[in-house]
Amino acid sequence: MINVTAMMTRYLSPLLLGTIASTLALSTFSAATHASNMYILKDENGQVLLTNVSQQSGNFEKFTKTVKVTSYASSKMYDGSGNNYGSSSASNSGNRNAYDNYIRASAARHGVDPALMKAMMHTESAFNPNARSPVGAQGLMQLMPATARRFKVSNPWNPAENIEGSAKYIAWLMRRFNNNVEHAIAGYNAGEGNVDKYGGIPPFKETRNYVQKVMSRYHSLYKNDAGLSTMSNTNNGLQNASYGTSK
């Protein structure tokens, strides 16, 4: 799911915004290699949110005005040069193949490509069943609590339940986006509402980078993985999408 890091919400003088952006951002986000931008957002009452995601959801939807954007270099950022996904290195995790049985079973139950699920798991948690994001996304497939409840996952830390709930969600997204795999992946990361809003992959660097990583791992590592179902070779309605350049 999308990694929204709400670093602070308090009333601040506009004169302090530049200082906040240059000090807090450098000290906090320098360690977060996945965060390429930091945003200072305001709501209509002047309350300020410091975050690494431009579009907010849930309790932070009220922060709609962008005050400042600070960009950080990322050597892994997708350059928007088309659909050449490149290649990805295999995960060094000893758990890399530990969940294949669960993936195959859940994928078969819900009509999802197991290779796609494994590529997403690799990207979401690097096969760590105890992974937790700063905003509470949980487990192997980084289910948000609301998503877990929506798809009847009572214990998202349980690998079998986490994978089952994720398979249900991915299947739902594939139906929602007419089997456009990239749009479904973007919806998993940024929310289906943002895919609808932008008519495709949202112009968020994090989401575009996420889609690129998943597709790279799908094609390079898992599409022809003999340990997964042959369903991964059917292409499952894969459609291309243009990433373009984020503004």
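Look up a bit, the structure's there.
First, a word on what this report is: a plain description of the structure on this page. Just so we're clear, the structure is a prediction, and the values are computed from it rather than from any experiment. Numbers given for residues are sequential positions, taken from 1 along each chain in its written order. Local features in this predicted model are restricted to residues whose pLDDT is 70 or higher, and side-chain atom pairs enter the listing and the counts only when it is 80 or higher, whereas totals over whole chains, interfaces and linings include all residues. The side-chain figures draw on all heavy atoms in the structure; neither hydrogens nor water molecules are used.

**Things to note about the overall build of the protein**
We count a stretch as a helix when DSSP gives it H or I for four or more residues in a row; a strand needs E for two or more, and each element gets its number in order from the N terminus. The number of helices and strands found in the protein is eight helices and four strands. Going from N to C terminus, the protein has its helices and strands arranged as β-α-β-β-β-α-α-α-α-α-α-α. For every residue, the accessible area obtained with a 1.4 Å probe (protein chains only) is divided by the maximum for its type, and the residue is called buried under 20%, exposed over 50%, and partly exposed between those limits. A total of 247 residues make up the protein; the buried ones form 50% of that total. Summarising the internal contacts of the protein: among those between residues at least 6 apart in sequence, 59% fall at separations of at least 24. Residues count as neighbours in contact if any of their non-hydrogen atoms are within 4.5 Å of one another.

**Focus on unusual backbone geometry**
Phi at Ala126 is positive, roughly 55°, even though this residue is not glycine. Along the chain, the position of Ala126 falls in the loop between helix 3 (114-125) and helix 4 (145-150). According to the relative accessible area criterion, Ala126 is partly exposed, its value standing at 38%. In the Ramachandran plot, Phe127 falls in the positive-phi region, its phi being about 70° despite a non-glycine side chain.

**Section: the pattern of salt bridges**
Salt bridges are counted wherever a side-chain nitrogen of Lys or Arg sits within 4 Å of a carboxyl oxygen of Asp or Glu. In this structure the tally under the stated criterion is five salt bridges. Between Asp100 and Lys118 there is a salt bridge, with its nearest N and O atoms 2.9 Å apart. Here Lys118 lies in helix 3 and Asp100 lies in helix 2 (residues 100-110), a separation of 18 residues in the sequence. There is no split in this pair, since Asp100 and Lys118 are both buried. Here Arg176 ties to Asp196 by a salt bridge, and the two come within 2.0 Å at their closest N and O atoms. Taken together, the positions of Arg176 in helix 5 (residues 159-176) and Asp196 in helix 7 (residues 192-198) put the pair 20 residues apart, joining distant regions of the chain. Given a relative accessible area of 34%, Arg176 falls into the partly exposed group. One salt-bridge network, held together by shared partners, links Asp100, Lys118 and Asp225.

**Observations regarding helix 6 (residues 181-190)**
Judged by how many residues are buried, helix 6 sits mostly within the fold: 10 of 10 residues are covered. The complete set of buried residues in helix 6 reads Val181, Glu182, His183, Ala184, Ile185, Ala186, Gly187, Tyr188, Asn189 and Ala190. At its buried positions, helix 6 is contacted by helix 3, helix 5, helix 7 and helix 8 (205-222). Under the rule applied, a polar contact is a pair of N or O atoms within 3.5 Å (in protein, one hydrogen donor and one hydrogen acceptor; residues adjacent in sequence only if both atoms are side-chain atoms). Two to three positions downstream of the cap, the backbone nitrogen of Glu182 sits 3.2 Å from a side-chain oxygen, assigning the N-cap of helix 6 to Asn180. Looking one or two residues past helix 6, Gly191 carries a phi angle of roughly 95°, positive in sign.

**Observations regarding the environment of Pro156**
Take Pro156: it is sitting in the loop between helix 4 and helix 5. Here the alpha-carbon distance between Pro156 and Asn130, two residues 26 residues apart in the chain, equals 9.5 Å. Here Pro156 is in contact with Gln138, Gly139 and Asn162, once residues within four sequence places are set aside.

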